[in-house]
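For reference, the chains in residue letters:
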Amino acid sequence: MSKNQYVDSFLKGIKNKEKNNLNSPNNEESILSAINLAYGDAKRTMTGIGDFDVSIKNTAFKNLANKFLEYFKNAAPDSEESALGEKYFDDFHEKLCKIWCDAFSNSSTIGTYGKAQKIVNMTFKYLYCCENVDENYFKYCHMPLDSFTLEWYKRITEKDDKSNKVNLPYDMKWSKLDKDLYIKITNKIREKLKQNLKLNDKNGNGISLPEEPLLAEFIIWPNIQLQMAVEDFYFAYNDIRNANEKRTFKEMTLDVKLKEIKKVLP
């Protein structure tokens, strides 16, 4: 894993002043800032959290910070697979998510695994932006799942054999993911990224995606976000409603889609 322009671009795009505290994953202040930034990314799905005493959220943040600090103070995990022991990343990740889920266990909307993974995974993403990080601590990190990365996931798994496919409910929202489905998607993403996946940027340059899900997300997220915006514009501008026509356009690479838009613009 190595940092690149996509990580730099993500960091530059953060407007919240909390980013100024992202100094080191071993620092409690940096961790709390990363958690606050991560919560900000998930906040729009937190309708109803205002009905809870603010101390519940603050305690959850504090407990998460302590657990993250423990993670970075101990030896880096030596495997991604879940097993008994702190040196396996997935075990630690599950414990982090459990802190959020337990804090809001009496809420079917706030304490979901989908919201927990978003906060946990985005916290890792923000902490990866700190200077002089030890790459080993981020090697097995999961990809944050939201509407854009789930759409990317759907597209790369559309042609999978049924026996090897993890289907998502049609109207599945990332914020409502349960633990079992989340784990299945995460493992499928790991499997796919080991197949030397590539995507084209807006200039037609082929980009090889890293095998590490967290680093791959830095590249995938802005790419699929732009693709979906281009598609929505193209379909609306040309009043395209036919599913086959939409599918054909979606299967084009980003650079080709942009060329198609130039053709129809006055």
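Residues numbered from 1 in each chain as written. Predicted model: local features only at pLDDT ≥ 70, side-chain atom pairs only at ≥ 80, totals over all residues. Heavy atoms only, no water.

1. Focus: the environment of Leu 258
Position of Leu 258 among the secondary structure elements: in helix H10 (residues 254-264). Separated by 28 residues in sequence, Leu 258 and Val 230 have C-alpha atoms that sit 7.2 Å apart. Apart from the residues within four sequence positions on either side, Leu 258 is in contact with Lys 202 and Val 230. (Helix = DSSP H or I, 4+ residues; strand = E, 2+ residues; numbered from the N terminus. Contact = heavy atoms within 4.5 Å.)

2. Points about the environment of Ile 156
Residue position: Ile 156 is located in helix H6 (residues 147-157). Placed 108 residues apart in sequence, Ile 156 and Gly 48 show a C-alpha to C-alpha distance of 34 Å. In contact with Ile 156, not counting residues within four places along its chain, are Lys 192 and Leu 197.

3. A few points about unusual backbone geometry
The backbone of Asn 132 shows a phi angle near 55°, a positive value even though the residue is not glycine. With respect to the element layout, Asn 132 can be found in the loop between helix H5 (113-128) and H6. Phi angles above zero are rare outside glycine, and Asn 196 is one such case at about 55°. Tracing the backbone shows Asn 196 in the loop between helix H7 (179-193) and strand S1 (198-200). Residue Asn 196 is classed as exposed on the basis of its relative accessible area of 61%. (Buried < 20%, exposed > 50% of the residue type's maximum accessible area, 1.4 Å probe, protein only.)

4. Some thoughts on helix H8 (residues 213-237)
When the terminal C-alpha atoms of H8 are compared, their 35 Å separation across 25 residues agrees well with the 36 Å that a helix rising 1.5 Å per residue should span. Along H8, the sharpest change in direction is near 30° and occurs at Ile 219; proline Pro 222 comes one to four residues later. (Expected span 1.5 Å × (residues − 1). Bend = angle between axes of the 7 residues up to and from the residue.)

5. A closer look at the layout of surface pockets
Empty space among the atoms becomes visible once a probe the size of a water molecule is rolled across them. Of the pockets and cavities examined, the largest pocket occupies roughly 1400 Å³. What lines the largest pocket is a set of 41 residues, among which Glu 151, Lys 154, Arg 155, Ile 156 and Glu 158 lie closest to the centre. Of all elements in the fold, only H6, S1, H8 and helix H9 (243-250) reach the threshold of two or more residues within the lining of the largest pocket. For the lining of the largest pocket, the per-class residue count stands at 16 nonpolar, nine polar and 16 charged. Roughly 490 Å³ of volume is contained in the second largest pocket. Lining the second largest pocket are 20 residues, with Phe 10, Lys 125, Trp 221, Pro 222 and Gln 225 positioned closest to its centre. Mapped onto the lining of the second largest pocket, the elements with two or more residues apiece are helix H1 (5-12), H5, H6 and H8. The element best represented in the lining of the second largest pocket is H8, accounting for five residues. (1 Å grid on protein atoms, 1.4 Å probe; cavity = no way out; pocket = protein on both sides within 12 Å on 5 of 7 lines; lining within 4 Å. Points joined across faces, edges and corners; volume = space filled by probe spheres on them. Nonpolar A, V, L, I, M, F, W, Y, C, P; charged D, E, K, R; others polar.)

6. Structural notes on the packing of helix H4 (residues 89-103) against H5
Running from N to C, H4 and H5 cross one another at 120°; their axes reach a closest spacing of 9 Å. Accordingly, the angle class assigned to the pair H4 and H5 is oblique. Of the two possible hands of crossing, H4 and H5 adopt the one that is right-handed. Between H4 and H5, the contacting residues are Phe 89, His 93, Glu 94, Leu 96, Cys 97, Trp 100 and Cys 101 on the first element and Tyr 113, Lys 115, Ala 116, Gln 117, Ile 119, Val 120, Asn 121 and Phe 124 on the second. Residues of the contact of H4 with H5, tallied by class, amount to 10 nonpolar, three polar and two charged. (Axes fitted to C-alpha atoms, helices over the stretch in contact; angles between N-to-C directions. Parallel < 35°, antiparallel > 145°, perpendicular 65-115°, else oblique. Left-handed = near helix turned anticlockwise from the far one by under 90°.)

7. What about the packing of H6 against H8?
Direction vectors running N to C along H6 and H8 enclose 85°, while the axes themselves pass 9 Å from each other. As summarised for this structure, H6 and H8 are arranged roughly perpendicular, according to the angle between their axes. Contacts between H6 and H8 involve Phe 148, Thr 149, Glu 151, Trp 152 and Arg 155 on the former and, on the latter, Glu 217, Ile 220, Trp 221, Ile 224, Gln 225, Gln 227, Met 228 and Glu 231.

8. Considerations on the nonpolar core
Formed by 75 residues in total, the largest nonpolar core has its most connected members in Phe 68, Trp 100, Phe 124, Tyr 126, Phe 138, Trp 152 and Ile 185. Sorting the residues of this core by element identifies H1, helix H2 (28-42), helix H3 (54-73), H4, H5, H6, H7 and H8 as the ones contributing at least two each. It is H5 that provides the largest number of residues to this core, a total of nine residues. Among the nonpolar cores identified, the runner-up in size contains seven residues, and Phe 235, Ile 240, Leu 254 and Ile 261 belong to it. (Core = buried A, V, L, I, M, F, W, Y, C linked by side-chain atoms within 4.5 Å.)

9. Notes on the pattern of salt bridges
Opposite charge on two side chains permits them to pair, given that their charged atoms come into close proximity. Inspection of the entire model under this criterion finds 17 salt bridges. We note a salt bridge from Glu 231 to Lys 257, for which the minimum N-O separation is 2.5 Å. Residue Glu 231 is found in helix H8, and its partner Lys 257 is found in helix H10; the two are separated by 26 residues along the sequence. Residue Glu 260 is joined to Lys 263 by a salt bridge in which the shortest nitrogen-to-oxygen separation is 3.0 Å. Taken as a pair, Glu 260 and Lys 263 lie in helix H10 at a separation of three residues, close to a single helical turn. Judged by relative accessible area, Lys 263 falls into the exposed class, the value being 62%. (Salt bridge = Lys/Arg side-chain N within 4 Å of Asp/Glu carboxyl O.)

These figures capture arrangement, not role.
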